Amino acid sequence: MPVRFWYAPLEWTHVAGVYDALAGELRVYVNGRLSATTVTPHVSTWTATGPLQLGRSKTAGVFTGYWPGTVDDVRTYDGVLSAEQIAQLAAQ
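This text gives an overview of the structure that appears in the document. (Residues numbered from 1 in each chain as written. Predicted model: local features only at pLDDT ≥ 70, side-chain atom pairs only at ≥ 80, totals over all residues. Heavy atoms only, no water.)

When helices and strands are counted, the protein shows one helix and five strands. When the backbone C-alpha atoms are referred to their principal axes, the protein occupies close to 35 × 35 × 25 Å. Partitioning the contacts of the protein with sequence separation of at least 6, the portion at a separation of at least 24 is 31%. For the protein, the exposed area adds up to about 7700 Å²; of that, 57% sits on carbon and sulfur atoms. Averaged over its 6 positive side-chain charges, the protein has a centre that lies 9 Å from the centre of its 7 negative ones. (Helix = DSSP H or I, 4+ residues; strand = E, 2+ residues; numbered from the N terminus. Contact = heavy atoms within 4.5 Å. Areas by Shrake-Rupley, 256 points an atom, 1.4 Å probe, with all protein chains shown as cover. Lys, Arg positive; Asp, Glu negative; His and termini not counted. Charge placed at Lys NZ, Arg CZ, Asp CG, Glu CD.)

Together, Leu52, Leu54, Trp67, Val71 and Val74 make up an exposed nonpolar region whose accessible area comes to about 520 Å². Along the polypeptide, valine 71 turns up in the loop between strand E5 (62-64) and helix H1 (83-90). By relative accessible area, valine 71 is classed as partly exposed at 47%. (Patch = residues over 30% accessible without salt bridge, like charges linked within 9 Å, V, L, I, M, F, W, Y side chains within 5 Å. Salt bridge = Lys/Arg side-chain N within 4 Å of Asp/Glu carboxyl O. Buried < 20%, exposed > 50% of the residue type's maximum accessible area, 1.4 Å probe, protein only.)

Relative to the assigned elements, glycine 61 resides in the loop between strand E4 (57-59) and E5. Remark: the alpha-carbon pair of glycine 61 and aspartate 20, spanning 41 residues in sequence, is separated by 29 Å.

Moving on, we get to unusual backbone geometry. Here asparagine 31, not a glycine, exhibits a phi torsion of approximately 55°, which is positive. By the secondary structure assignment, asparagine 31 is in the loop between strand E2 (25-30) and strand E3 (33-39). For asparagine 31, a relative accessible area of 39% corresponds to the partly exposed category. For aspartate 73, which is not glycine, the phi torsion reads 55° and is therefore positive. In this structure, aspartate 73 sits in the loop between E5 and H1.

Inspection of every chain in the model, using the stated rule, returns zero aromatic pairs. In this arrangement the basic side chain of arginine 56 is found over the ring face of phenylalanine 63, its NZ or CZ atom lying 3.5 Å from the centre. (Phe/Tyr/Trp six-rings, centres within 6.5 Å; stacked < 30°, edge-to-face > 60°. Lys NZ or Arg CZ within 6 Å of the ring centre and 35° of its normal.)

Attention now goes to the layout of surface pockets. In this structure, the largest pocket spans a volume of roughly 1900 Å³. Every residue lining the largest pocket is counted, 41 residues in all, and those nearest its centre are Val15, Ala16, Gly17, Leu54 and Val74. Broken down by secondary-structure element, the contributors of at least two residues to the lining of the largest pocket are strand E1 (15-20) and H1. Examining the composition of the lining of the largest pocket, we find that five residues originate from one element, E1, more than from any other. (1 Å grid on protein atoms, 1.4 Å probe; cavity = no way out; pocket = protein on both sides within 12 Å on 5 of 7 lines; lining within 4 Å. Points joined across faces, edges and corners; volume = space filled by probe spheres on them.)

Relative to the helices and strands, glutamate 25 is located in strand E2. Put simply, glutamate 25 and threonine 37 are twelve residues apart on the chain and 6.8 Å apart in space, counted from C-alpha to C-alpha. Sequence-distant contacts of glutamate 25, that is, excluding residues within four places in its chain, are made with Val18, Tyr19, Asp20, Thr37, Thr38 and Thr40. Looking at glutamate 25, its side chain comes within polar contact range of the side chain of arginine 27, at 2.6 Å. (Polar contact = N/O pair within 3.5 Å; in protein donor to acceptor, adjacent residues only side chain to side chain.)

In structure tokens form, the structure reads like this:
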């Protein structure tokens, strides 16, 4: 299921993504509200060997697909945040 975001230009939008391996779910929240959920059987044994990359993709060894806006106040968490925690973060 594709995720679509409707937002006003030049308006700050809080977006949070949650990968819950135990539940087998990917969840996307926009401005503190659940926007999309999908079930995934994905289990990864992959280990990152470099820095976290946001706002672009890498295809055939070349960075491409740059995000056409501004990314600010990025946070990562070692664990699954609850819907309540995400709503609190969006309200800050």
